[in-house]
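Chain and residue survey
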Amino acid sequence: MGRLILVSNRLPVTLRRSGDETTLVRSVGGLVAGLGPVHDSEDSLWIGSPGGEMDDIRRKTLEKHRLIPVPLPREKARRHYEGFSNGVLWPLFHYFLESANFDPQDFEAYRFVNQCFADVIANHAKPGDTIWVHDYHLMLLPSMLRQQLPNARIGFFLHIPFPSSEVFRVLPVAETILEGLLGADLIGVHTYDYSRHLGTAYRRMLGREVDDDAISWEGGRCHIRVFPLGINAAHYAELGQSPEVQRRLRSWTRRVAHRRVVLGVDRLDYSKGIPLRLEAYRRLLISEPQWRKQVLFLQLAVPTRSGMPQYRRLRQQVEQKISHINGEFGDPGRMPVHYLYRSVPEQELSALYLLADVAMVTPLRDGMNLVAKEYVASRTDNTGVLVLSEFAGVASELGEALSINPWDLDGTARTLSRALSMDPEEQKERMSALRHRVLSKDARQWSRAFLDTLSSFSGRSVSASTSGSPRGWQARLHREFAAARRPLIVLDYDGTLTGFAAEPGHAQPDTDLLVLLQKFSKVRGLEVVLLSGRDRDTLAQWFGHLNIHLMAEHGFFLRMRGKEEWNEIASDFDHSWLPAVEEVMISYLARTPGSFIERKHSGLAWHYRKAEPELGRRQGLELAHHLTESFANRPLRVLKGSCVVEAHHQGIGKGWAYRTLLHRLGKRDFVLAAGDDRTDEDMFRAVESGVWSIKIGAGVTAARVRLESPEELRTLLALALEARSRNQEASRTLTAVPGPSKADRAKSAAVTRGSAGPRRSRTLGKR
Ligand code: ADQ
């Protein structure tokens, strides 16, 4: 078993030096709350920046706690943290578009810092280790790590929301960020919404197919899964009973003097919605004056990112708001808002959770929000009311809370009034249901679920197409083809046997190719199939004279070798969606000069090879997305190929065609299947292990091996043919050699026992 390497931007501690002594203080925040228990109980290392000067003493203190610092130059670290991470990604991912200020130099620093992390991790990682990267500060790291450690097990967890792709695409480097994450075997997020948004971004912005919540890429498969973070609920429940917490609770109870307590606990961040929460409270005090003397609003705010101007402004705004409310409704000695701007020890926090009749967790956006869960876990007597923003990730788990929209100030005020007046029976009913949920999933289970899922995915992720020396596999393929008795070769045409022409009609086969196919068609025992997306007439016109099988429209039609007629492989398909899809394609035709529609029996294809490349690419992504979403309930499949978007009957595809073909032709002892685009991926996924599936060109693939161009494939095929002729030549020579003596025969049988027939012939023939 390898170790777990946790990676986050900051180490979970701050170093304090007094005299000769260096001590560690654990930082506050959701990430530390979630991962702290994992680090405490696992054989793990935690790698992150120390957030200050480093020297030997500090380094050694950290190492004692299995903490490894990543040293960063100060200015780069600032640009990475304040510039890009918290000046762009944080606001954008929380839907504060106008607060995101993109500066290319900040992004360069972001890239630089991610690379520093990759280098330190690569120095510490050993084979078998699991690397678990956390959060938005390190979104390029998975792919950087994958380059340095191709076989590593890499997970990534995003603690903040992943926004709608409409918001995400505002980011000038959005595509780079998406590519950066692909190096992970598994990406975890808190909610289904975030996973859907991420999948849509891959589909729309990179044109990646996301199937089974996974994205295939050149080096493997990257899965997206939902893991809502839990807290150590049992700990909060126990903590509340401790004498220290009870003492603090008594002291607070005296101070609040019979008033009802409404509690807010947050990092002082604009995403947490503190000013709007205070305004909603103010409106309650205006509309229902009876609460003015009966309620205390206690806002606990922990300082955060205080070097950044937005955060300094927020602090001022919150403090002004509080003094207004206190000025408006307070009496000396009885203020309606009590404000604490500091981090408090967990015993204090626990006492406040026990004190509060109502907890207001009202962020404008929040990835999850652990305060809501901590409050619920603390309320062991099932009293108390949670008022919860519908824009917190945790809202999808805590349905029994009173839900609010934080922008609806009067609505929030009314809900707060309802919370303050809720009878104990209803409180109990809601709180016990909430507690049940929060207690059932804690931080340990969360990390276990993530790590178990990660280990089930990795290992399978590294595509065979990247392994082994090219020479090695080609020689093996040739040997196997030469020895096979019933081989099968399935070839796509455009992009596989020939390059692309601007007009599909101009891509006629050249003489060399026809001669090559002719030679193949004469090989005894061999079945050759041309499986193309093209229509029947074109294939018949170009290849009809050859003694090979033809499959048109991705296998919808089959023309067996030596026959004139085409057969429709399946005829009971629902065609009714065709006109509606055609209408959508026509609208894209009008908007994309140079594009055109190809009408086939099995579906429609919109080609944009001749369009302006960038426009064509964007329109292609959009059309594919449009069709996928709008026709989700119809029996059609949308595929993005190379400069083409196709819609055809569900179930039809080259994978299905391949299986049908095998069924008709019977078992084969050698199969080569070559193709270049997404439509061929269907076939690559359908083939059995042992089949030589060959991807032509760059890009996503499930194929076993890769060649760069149609020319390389033609060379491979020509050499395969030669190898087979040599082999047959050798067998003939063998038959012509005068029979060996009885003693020789016995000797050679002993040498070659167990090896395949033709191979034995060649060995003997050479002698
Ligand atoms: P945060 O934005 O930090 O986390 P949250 O999940 O609420 O938000 O965690 C805050 C943590 O800080 C809680 O454990 C809380 O107890 C503690 N805390 C807050 N104020 C404090 C104070 N004054 N003194 C001491 N402790 C205090 C990010 C995302 C969240 C996501 C987490 C975890 O923004 O949406 O839930 O990561 O993934």
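Structural data are supplied above this passage.
Predicted model only: the values in this text are computed from it and were never measured.

The rules behind these values
- Here the residue index of a chain counts from 1 through its sequence in written order.
- It should be noted that, the model being predicted, local features are given only for residues of pLDDT at least 70 and side-chain atom pairs only at 80 or more, the latter also being counted only at that level, while totals for whole chains, interfaces and linings use all residues.
- Processing note: side-chain calculations cover all non-hydrogen atoms of the structure and skip hydrogens and water entirely.
- Two rings from Phe, Tyr or Trp (for Trp, the six-membered ring) form a pair when their centres sit within 6.5 Å of each other. Planes less than 30 degrees apart are called stacked, planes more than 60 degrees apart edge-to-face, and all others tilted.
- Helical segments are the DSSP runs of H or I of at least four residues, strand segments are the runs of E of at least two, and each set is numbered from the N terminus.
- Whether a residue is buried, partly exposed or exposed follows from its accessible area with a 1.4 Å probe, protein chains only, as a fraction of its type maximum: under 20%, in between, or over 50%, in that order.
- For a ring to carry a charge above it, either NZ of a lysine or CZ of an arginine must fall within 6 Å of the ring centroid while also lying within 35 degrees of the normal to the ring plane.
- By nonpolar core we mean a set of buried residues, namely Ala, Val, Leu, Ile, Met, Phe, Trp, Tyr and Cys, connected to one another through side-chain atoms within 4.5 Å.
- Delimitation of the domains relies on an automatic or database domain assignment.
- Whether two residues are in contact is decided by their heavy atoms, any of which lying within 4.5 Å being enough.
- Each salt bridge in this description consists of a side-chain nitrogen of Lys or Arg and a carboxyl oxygen of Asp or Glu lying within 4 Å of one another.
- Cavities and pockets are found on a 1 Å grid laid over the protein atoms alone: a cavity is a set of points where a 1.4 Å probe fits but cannot escape, a pocket is an open set with protein on both sides within 12 Å along at least five of seven lines, and a lining residue has an atom within 4 Å of such a point.
- Grid points are joined across faces, edges and corners, and a volume is the space filled by probe spheres set on the points.
- We call Asp, Glu, Lys and Arg charged. Ala, Val, Leu, Ile, Met, Phe, Trp, Tyr, Cys and Pro are nonpolar, and the rest, Gly among them, are polar.

Let's talk about the packing of aromatic side chains
Scanning the model with the defined rule gives 29 aromatic pairs in all. Ring geometry for Phe157 and Phe450: centres 6.3 Å apart, planes at 75°, overall edge-to-face. Taken together, the residues span a long stretch of sequence, with Phe157 in strand β7 (residues 153-157) and Phe450 in helix α17 (residues 443-457) at a distance of 293 residues. For the pair Phe157 and Phe450, one class covers both residues: buried. Taking the ring centre of Phe112 as reference, the NZ or CZ of Lys76 above it sits at 5.0 Å. Its end group placed over the ring of Tyr95, Arg365 keeps NZ or CZ at 3.8 Å from the ring centre.

Side note on the nonpolar core
In this structure, Ile131, Met139, Phe168, Leu171, Ile177 and Tyr202 are the most contacted members of the largest nonpolar core, which totals 95 residues. Top element by residues in this core is helix α4 (residues 104-124). It accounts for eight residues. Each of domain 1 (4-226) and domain 2 (233-441) contributes no fewer than three residues to this core. Each residue touching Met139, except ones within four places of it in the same chain, is listed here: Leu89, Phe93, Tyr110, Asn114, Phe156, Leu158, Ile177, Gly180 and Leu181. With 63 residues, the next largest nonpolar core counts Leu526, Val529, Leu546 and Phe556 among its residues.

Re the pattern of salt bridges
Scanning the model with the defined rule gives 45 salt bridges in all. Between Glu400 and Arg437 there is a salt bridge whose closest N-O contact spans 2.9 Å. Here Glu400 is found in the loop between β16 (385-389) and β17 (402-404), whereas its partner Arg437 is found in helix α16 (residues 424-440), with 37 residues between them in sequence. Several salt bridges converge on common partners, so that one network encompasses Glu279, Arg282, Arg283, Lys321, Glu328 and Asp410.

A closer look at empty space enclosed by the protein
Throughout the structure, instances matching the rule amount to five cavities of 30 Å³ or more. Computed from the structure, the largest cavity encloses a volume of approximately 330 Å³. As for the largest cavity, its lining consists of 24 residues, of which Asp494, Phe500, Arg534, His607 and Val644 are closest to the centre. Secondary-structure elements contributing two or more residues to the lining of the largest cavity are β23 (596-599), β26 (644-649) and α24 (678-686). The class makeup of the residues in the lining of the largest cavity is seven nonpolar, six polar and 11 charged. Both domains that meet at the lining of the largest cavity, namely domain 3 (472-570 + 652-724) and domain 4 (578-649), each give it at least three residues.

None of this, on its own, says anything about what the molecule does.
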